[in-house]
Amino acid sequence: MREKEKYANDIRQSGFERYLTKQPWRTVKKRGAASVLVAFFLILFLGVLALVGWFDAAVFRGIPRKPTLTPTGMPSEFPLRCATGNQKQTCPENYPAKHNPTTNPDRPSNLTSTCPSYFQWIHDDLRHWKETGITQDMIERARKTAHFRLVIVNGKAYVEKYRQSIQTRDMFTLWGILQLLRLYPGRLPDLELMFDCDDRPVIPSNHFRGPNAAPPPLFRYCSDWQSLDIVFPDWSFWGWAETNIRPWKNLLKEIKEGNSRTKWKDRTPYAYWRGNPWVSPIRQDLLKCNVSEQNDWNTRLYVQDWIKQSKEGYRESNLQDQCTHRYKIYIEGWAWSVSEKYILACDSMTLFVRPRYHDFFIRGMVPLQHYWPIRDTSKCTSLKYAVEWGNNHTKEVSEDKCHESVINFHLPAYLMFMRAQAIGEAASNFIHEDMKIDYVYDYIFHLLNEYAKLLKFKPKIPPGADELCPETMACPTNGIHRKFMEESMVLSPSDAIPCTLPPHDPSVLGSLRDRKDKSTKQVESWENEYWEKLSKKQ
């Protein structure tokens, strides 16, 4: 449809529409018989296109096309309906109020799947309110740092804003929630929540101990093991306009294409990182590990100047062009970093500097299976060892070389067939399959659904709240913000139901924590032995 509209607009700008509708016949006659014949055949050509469906004559005439209808009579697509002229922008009344996935006969709705295992952490994040429930007073106490209050009543969203977030984090977070309501209309129960768009968690668990502690529920993008903040997918899944990073669905496809350009064995055999080091001391410390005349720590580190990049059109910032090294480094910034998912999406083995914070999905990933753990206290030696190990454990390594690696690196025999390439591919598969946008929406759905079950009151629309819909958000917007909204907009309800949320099993989550700890300690043990052996040779 967008291509048809562009085509019609090009026709209008060329003067053809004005030629047909506004010029009197005598003007046409002066142009001669050739002009008349050209006009006649062009009209005939457009008519044929309209007849076969290649051209929308209604768009050509400036008449809005009606959405196509399903067998039930409901529209199957819901494009933006922006007001024209001096009309006030309002929310359309024809959005579906109920999710009916059976309207598509080609895709049966009774076939559902179990959600990826990291969805279990939803239960863990909400466990603090399982016994007491959530009262209106608890939510009010979360207002202290919140950027906005979100209320959903009868499938419609209302927002009460308190303060401006960094850049447009709040805007695209709310946009993502609106897309969820379009994807699964009427499935979410009424709810009310507070959202903080800043980086670091602010609800310390040691302030709320005991069965009647009643901590304030506050949503944000990351948390840590000492905090009770509820983790929610970050705004960049719907686009990060300030850094020209596209919405997740299309960007993920581009990164996948980027992965295929260079085979793993042909990639640069060093650890790559590009970012802003000035947001935290730990990143500034990482720069000490860059290659120099004195040391080569097997790294290639680059400082990202976003102001310069914006002036140069982000030529060096395309994420799909950054999967050219065998190893990529992830390191936190002021808190968790949005870059995490983009780094893991490459087939390169991710060297994961020990984090303090977690987002909603990383808790489902495991060291030595999805990434290689790096010490945060001695980054340089840890990074050098990781690259040395990886380059001695390529996919094509010979049996003799593998045996030599077991001896030199003091690796147990069962790791003879573990490869750096396989670790990189496992992480990439996790991101591309278990983290595709469909599962991001399902995660939000289950998180909000389980949260709503805990409310001890009936949510009501606040007196000062504004109703939100794609029209009231996108229509007044322009530039790249509007572009990303249109690109990430859900045009029709899903013809499938959400995946099935796994039941809460604390023993499974506990085993996962133990496995992470043991894997990390194992790597640190190998690393110590490697450097001890190396020092004895000198």
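All values reported here derive from a predicted model rather than from experimental measurement.

Looking at the pattern of salt bridges
In this structure the tally under the stated criterion is 28 salt bridges. One salt bridge in this structure joins arginine 513 and aspartate 124, with 3.5 Å as the shortest N-O distance. Taken together, the positions of arginine 513 in helix α19 (residues 506–537) and aspartate 124 in helix α6 (residues 121–126) put the pair 389 residues apart, joining distant regions of the chain. As a salt-bridge pair, arginine 354 and aspartate 376 come within 3.9 Å of each other at their nearest N and O atoms. Note that arginine 354 is positioned in the loop between β9 (349–353) and β10 (372–374) and aspartate 376 in the loop between β10 and α13 (379–391), a separation of 22 residues in sequence. Its relative accessible area of 35% is what places aspartate 376 among the partly exposed residues. One network of salt bridges, in which partners are shared, links Arg163, Asp196, Asp198, Arg220 and Asp229.

As for the packing of helix α8 (residues 169–183) against helix α18 (residues 479–488)
For the pair α8 and α18, the least separation of the axes is 11 Å and the interaxial angle reads 20°. For the element pair α8 / α18, the angle class is roughly parallel. Every pair of crossing elements has a handedness; the one defined by α8 and α18 is right-handed. Where α8 approaches α18, its residues Met171, Phe172, Trp175 and Gln179 are matched on the opposing element by His481, Phe484, Met485 and Ser488. Here the contact of α8 with α18 is composed, by residue class, of five nonpolar, three polar and no charged.

A closer look at the side chain of serine 382
Residue placement: serine 382 occurs in helix α13. Dropping the residues within four chain positions of it, serine 382 is found in contact with Pro373, Ile374, Arg375 and Glu527.

Notes on the sheet that holds β10
Spatially, the five strands line up as an open sheet ordered β7-β6-β8-β9-β10, and their pairing is parallel. Of all strands in the sheet, those bounded by a partner on one side alone are β7 (299–303) and β10. Here the strands of the sheet are splayed against their neighbours by 25° on average, with no regard to which way each runs. Strands in contact with α13 are β6 (268–275), β7, β8 (325–330), β9 and β10; relative to β10, the strand with the most contacts, it is inclined by about 160°.

So, the state of the cysteines
This model, assessed by the stated rule, comprises five disulfides. Two residues share a disulfide in this structure: cysteine 115 and cysteine 499, whose sulfurs sit 2.0 Å from each other. Across the S-S bond linking cysteine 115 and cysteine 499, the dihedral sits near 100°, which makes this disulfide right-handed. Residue cysteine 115 is found in the loop between α5 (57–60) and α6, and its partner cysteine 499 is found in the loop between α18 and α19; the two are separated by 384 residues along the sequence.

What to know about the packing of helix α9 (residues 248–261) against helix α15 (residues 420–434)
Running from N to C, α9 and α15 point in directions that differ by 150°, and their axes come no closer than 11 Å. In terms of orientation, α9 lies roughly antiparallel with respect to α15. Our pair here, α9 against α15, has a crossing hand that is left-handed. Residues Trp248, Leu252, Ile255, Lys256 and Asn259 of α9 touch α15, and the partners they reach there are Ser428, Ile431, His432 and Glu433. Residues that form the contact of α9 with α15 fall into these classes: four nonpolar, three polar and two charged.

As for the pairing of β6
With three bridges joining them, β6 and β8 adopt parallel strand pairing. Bridge pairing in β8 links tyrosine 272 to lysine 328. Between the parallel pair β6 and β7, the chain is carried across by helix α10 (residues 281–286), and the sense of this crossover is right-handed.

Description of α13
Here α13 is 13 residues long and its end C-alpha atoms lie 18 Å apart, about the 18 Å a rise of 1.5 Å per residue gives. Burial runs high along α13: ten of the 13 residues are buried. For α13, every residue scored as buried is listed here: Lys379, Cys380, Ser382, Leu383, Lys384, Tyr385, Ala386, Val387, Trp389 and Gly390.

Some details on α15
Since the α-helix turns once every 3.6 residues, residues separated by three or four places project in the same direction. Compared with the 21 Å implied by 1.5 Å per residue over 15 residues, the 21 Å span of α15 between its first and last C-alpha is a close match. Listed as buried for α15 are Ala420, Gln421, Ile423, Gly424, Ala427, Ser428, Phe430, Ile431 and His432.

What counts, and where the lines are drawn
- Residues numbered from 1 in each chain as written.
- Predicted model: local features only at pLDDT ≥ 70, side-chain atom pairs only at ≥ 80, totals over all residues.
- Heavy atoms only, no water.
- Salt bridge = Lys/Arg side-chain N within 4 Å of Asp/Glu carboxyl O.
- Helix = DSSP H or I, 4+ residues; strand = E, 2+ residues; numbered from the N terminus.
- Buried < 20%, exposed > 50% of the residue type's maximum accessible area, 1.4 Å probe, protein only.
- Axes fitted to C-alpha atoms, helices over the stretch in contact; angles between N-to-C directions.
- Parallel < 35°, antiparallel > 145°, perpendicular 65-115°, else oblique.
- Left-handed = near helix turned anticlockwise from the far one by under 90°.
- Contact = heavy atoms within 4.5 Å.
- Nonpolar A, V, L, I, M, F, W, Y, C, P; charged D, E, K, R; others polar.
- Pairing = 2+ DSSP bridges.
- Disulfide = S-S within 2.5 Å.
- Right-handed = clockwise from strand over helix to strand, strands pointing away.
- Expected span 1.5 Å × (residues − 1).

Such coordinate-based values are descriptive only and should not be taken to indicate function.
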